[in-house]
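Structural features, examined
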Amino acid sequence: MTSLKEICCGLPLNPLPENRGRRKGIPHAPVRTPNLTAQEKKLALRNALRYFPPEIQKKLVLEFAEELRLYGHIYMYRFFPDIEMRAYPIKDYPCKTKSAAAIMLMIMNNLDPSVAQFPQELVTYGGNGQVFSNWAQFWLVMQYLSEMTEEQTLVMYSGHPLGLFPSHRYAPRLIITNGMVIPNYSTRDEYEKMFALGVTMYGQMTAGSYCYIGPQGIVHGTVLTVLNAGRRYLKAEDLSGKVFVTSGLGGMSGAQAKAAVIAGCVGIIAEVDEAALLKRYKQGWLMEISNNLDHCIARLRDARKNKIALSLGYHGNVVDLWERLVYELDTTGELLVDLGSDQTSCHNPFSGGYYPVQLGFEEAKQLLSTNPGKFRTMVQESLRRHVAAINRLADKGMFFWDYGNAFLLEAQRAGADVEKKGGNKTEFRYPSYVQHIMGDIFSLGFGPFRWVCTSGDPQDLATTDSIAMSVLEDSIRRGVSTSVKQQYHDNIRWIREAGRHSLVVGSQARILYSDQRGRVSIAVAINRAISEGRIKAPVVLSRDHHDVSGTDSPYRETSNIYDGSAFCADMAVQNFVGDAFRGATWVALHNGGGVGWGEVINGGFGLVLDGSTEAEERAKMMLSWDVSNGVARRCWSGNDYAYETICQAMKENVTLKVTLPQKVADEDILEQALQS
């Protein structure tokens, strides 16, 4: 077994580790189909061999060629480390700086088999969200981090460590870019080729920025989405007896089962991959599992009638589940579902993110590798059936929303009936959850703030939970607007429920949707607790890229921007740059994430709190910008909540001055001007 010290010594070349290939007993990424030419295959091999001295290239090139042929990518399985991959306590990492040790911890958490979707292929979540492109990069990054001083910055190009460069102690220790491809070449087909060549990478959001915290990372947002969907669509504060049907139990989507129970409803979640289903069941995220639709319908009826909170995982294709619900409607007249959504990895529908209902899971995987064209055709046929069933139920009163996974976008491209009459190109028959539910929350400045206790001690996490709750309760006492107060009460409920529901998978982490005031106040309070010794080790602050300012995505995060700028990416890029010089320990900027490659630009950060006065000042400055940037942009686009929020922020900080929009007082003058 390899030690952490050995992991930090660089690539193991003398002797070479044994090549064990793909390990049995763990899930593996679908075979990729890059369709490389003979010359491109040579280039992929040449690029991979750049990491190794000439004397071992002849030995490695044959196995790299075999990986490229069998799997469509060179993962370098020989160098898969023989170590228990997990987030070790920060004190265990052999580093010169706390910042570097914290980054190591976060990387190893992203690759922890209990966290990662396909750990041996370095995929954390979403089917193709890479931490690195190959295992040589992992070894080199760990070596660089172990050597790094406060006068150096590690630069990462799409998984590749370009090197340590001289900087200064106030600069970020790590700068990451993933998938920064020239726009005209940012297509799926080009991506498959470039990834196979080892020159770019799809980092999803928090996979390639090393900030993933397991499915908990989306549980809070999913709870808020379901609760607010109930309030908006069902006019209900109490969701007991209400049924929520969806699909996906993988990396991010695995949160849906736990969220349904916390929200108090009946959740039925379909999943084609038995390994993913069993993983969530064994982790306690699913209460029950079944591969029998008759049994699922019977349990749904019972839980609905008796108002029992339930999470039931259906091992099968979600299209079969939706069509069975239509059958129940047609034969009994009974609408058994109130709320519906989808969290398949539909941003990646033709490479294993969505499996067609016409085939079983294993049969579909085989077709994907042998006949990707036919697989694509069957996926699009399945999407049409999928939407047809949803439409029938929605016509009778079921409320459906797109969960930002490009489901409606891909369904539209497949020819499904999702058009919204008179809508613009970011609108469909059903709303995005941002458009109807989470968009106003973003405009208030609330988003998926998170922290990781690097001691690995659950007691430290409990202490931070207590601190966060005290901060929120104090803010309510001091006075906040009605809309903000509702969110704070939801947050307090979340923290109480989170402690009871065993949400930790991997690192000792917590997510909390918070606004600018809440984030800064919680960060300051946690930093002071570290200084006082109430928390034993540094705490890493971060957030999902899916946030107020972090992501420009016209079919998700910015889908409720209606001034024509939804397809512009200034906000996310400015956020990345602004975080870098305001105190972030590391920053990341990505192409792709959520709705897919070429559809979004997004970024994130990590900030290490170590109890110092400097850390407190960094947190105040950086976190304030990290929220107010996006609120100001949403205000300029015409959102009233954002207008109120940024005006309040300017009152609290006289150095903040934002350009406010003037409304057109008389809309008739627009028509008159065009007719003159």
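Predicted, not measured: the structure shown is a model, and the values here were computed from it.

Of regular secondary structure, the protein chain possesses 23 helices and 17 strands. The C-alpha radius of gyration computed for the protein chain amounts to 24 Å, which stays within 12% of the reference 26 Å derived for 676 residues, consistent with globular compactness. Based on the C-alpha atoms only, the size of the protein chain along its principal axes is roughly 70 × 65 × 60 Å. For the protein chain, the proportion of its 676 residues judged to be buried stands at 63%. On the protein chain, roughly 25,800 Å² of surface is accessible, and the fraction owed to carbon and sulfur atoms is 51%. Across the protein chain, the 71 positively charged side chains and the 72 negatively charged ones have centroids separated by 2 Å.

Once that is clear, we can look at helix H10 (residues 293-306). Its 14 residues place the ends of H10 20 Å apart at the C-alpha level, agreeing with the 20 Å of an ideal helix rising 1.5 Å per residue. Every buried residue of H10 is listed here: Leu293, Cys296, Ile297, Arg299, Leu300 and Ala303. For H10, the buried positions fall inside an angular range of 165° around the axis, keeping them on one side. Residues of H10 that are buried in the fold lie against strand S6 (243-247), strand S7 (266-271), strand S8 (288-290), strand S9 (310-315) and helix H11 (318-332). A side-chain oxygen of the first residue of H10 lies 2.8 Å from the backbone nitrogen of Asp294; this N-cap is Asn292. Backbone geometry just downstream of H10 places Lys307 in the positive-phi region, at approximately 55°.

Quick look at a nonpolar patch on the surface now. A cluster of nonpolar side chains, namely Tyr157, Leu162 and Phe165, defines an oily patch on the protein surface of about 290 Å² accessible area. In this fold, Phe165 is placed in strand S4 (residues 160-166).

This paragraph deals with the sheet that holds S6. Spatially, S8-S9-S7-S6-S10-S11 is the arrangement adopted by the 6 strands of the open sheet, whose pairing is parallel. Each of the sheet's edge strands pairs with one partner strand only, and the pair in question is S8 and strand S11 (399-400). Examined bridge by bridge, S7 and S9 share 6 bridges and lie parallel to one another. Across the sheet, Val266 pairs through a bridge with Leu310, a residue of S9. Lying over the sheet, H10 contacts S6, S7, S8 and S9, oriented at roughly 170° with respect to S9.

Bringing the nonpolar core into the picture now. The biggest cluster of nonpolar side chains holds 153 residues, and the ones touching the most others in it are Phe52, Ile107, Phe138, Tyr210, Trp451, Trp494 and Leu541. With 58 residues, the next largest nonpolar core counts Phe375, Val379, Leu393 and Ala406 among its residues.

A few words on the UniProt feature "domain: Urocanase C-terminal" (unreviewed entry) in the protein chain. Taken from the UniProt record, the annotation "domain: Urocanase C-terminal" (unreviewed entry) applies to residues 440-646. End-to-end, the C-alpha atoms of residues 440-646 are 13 Å apart, and along that stretch the chain is 50% helix and 17% strand.

A separate point is unusual backbone geometry. The omega torsion across Asn14 and Pro15 is 5°, close enough to zero to call that bond cis. Along the chain, the position of Pro15 falls in the loop between helix H1 (4-7) and helix H2 (38-49). Even without being glycine, Leu122 reaches a positive phi, approximately 60°. As for its placement among the helices and strands, Leu122 is situated in the loop between helix H4 (98-110) and strand S1 (123-125).

Before going further, it helps to spend a moment on a negative patch on the surface. Together, Asp666, Glu667, Asp668 and Glu671 give the surface a local cluster of negative charge. Of note, Glu671 is situated in helix H23 (residues 668-675).

Turning to helix H6 (residues 188-197), a few remarks are in order. What H6 keeps buried is the set Tyr191, Glu192, Met194, Phe195, Ala196 and Leu197. In the core, the buried residues of H6 are packed alongside H2, helix H3 (54-71), strand S2 (129-130) and helix H12 (349-353). Of the residues trailing H6, Gly198 is marked for its positive phi of about 80°.

Positionally, Ser146 belongs in helix H5 (residues 135-147). Looking at Ser146, its side chain comes within polar contact range of the main-chain oxygen of Gln143, at 2.7 Å. When near neighbours in sequence (up to four residues on either side) are disregarded, Ser146 contacts Cys8, Pro94, Cys95, Lys96 and Met104.

Attention now moves to the pairing of strand S13 (residues 508-514). Most of S13 is tucked away, with 7 of its 7 residues classed as buried. With burial as the criterion, each face of S13 is covered, one bearing Gln508, Arg510, Leu512 and Ser514 and the other bearing Ala509, Ile511 and Tyr513. As judged from the 7 bridges shared by strand S12 (residues 447-453) and S13, these two strands associate in the antiparallel manner. Bridge assignment links Val452 to a residue of S13, and that residue is Ala509.

What follows is about the side chain of His347. Structurally, His347 can be placed in the loop between strand S10 (339-340) and H12. From its side chain, His347 meets the backbone oxygen of Gly126 in a polar contact 3.1 Å long. At 3.2 Å, the side chain of His347 and the side chain of Asn128 are in polar contact. Among all residues touching His347, those that are not within four sequence positions of it are Gly126, Asn128, Arg188, Tyr202, Gln204, Asn405, Ala406, Gly594, Val595 and Gly596.

Relative to the helices and strands, Ala394 resides in helix H14 (residues 372-395). Accessibility expressed as a relative area gives 18% for Ala394, which makes it buried. When the C-alpha atoms of Ala394 and Cys265 are compared, they prove to be 19 Å apart, with 129 residues separating the residues in sequence.

Another aspect to go through is the pairing of strand S3 (residues 152-157). Direction of pairing for S3 relative to S4: antiparallel, over a ladder of 6 bridges. Opposite Val155, over in S4, you have Gly163 as the bridge partner. Hairpin connection of S3 to S4: 2 residues between the antiparallel strands, including Ser158 at a positive phi of 45°. Inspection of the sheet shows S3 paired to strand S5 (residues 174-178) by 4 bridges, in the parallel sense. Residue pairing in the sheet places Met156 in a bridge with Ile176 of S5.

Scoring rules and cut-offs
Residues numbered from 1 in each chain as written. Predicted model: local features only at pLDDT ≥ 70, side-chain atom pairs only at ≥ 80, totals over all residues. Heavy atoms only, no water. Helix = DSSP H or I, 4+ residues; strand = E, 2+ residues; numbered from the N terminus. Rg over C-alpha atoms; globule rule 2.2 N^0.38 Å. Buried < 20%, exposed > 50% of the residue type's maximum accessible area, 1.4 Å probe, protein only. Areas by Shrake-Rupley, 256 points an atom, 1.4 Å probe, with all protein chains shown as cover. Lys, Arg positive; Asp, Glu negative; His and termini not counted. Charge placed at Lys NZ, Arg CZ, Asp CG, Glu CD. Expected span 1.5 Å × (residues − 1). Arc of directions from axis to C-beta. Contact = heavy atoms within 4.5 Å. Polar contact = N/O pair within 3.5 Å; in protein donor to acceptor, adjacent residues only side chain to side chain. Patch = residues over 30% accessible without salt bridge, like charges linked within 9 Å, V, L, I, M, F, W, Y side chains within 5 Å. Salt bridge = Lys/Arg side-chain N within 4 Å of Asp/Glu carboxyl O. Pairing = 2+ DSSP bridges. Axes fitted to C-alpha atoms, helices over the stretch in contact; angles between N-to-C directions. Core = buried A, V, L, I, M, F, W, Y, C linked by side-chain atoms within 4.5 Å. UniProt positions renumbered as here; feature names shortened; annotations may be inferred.

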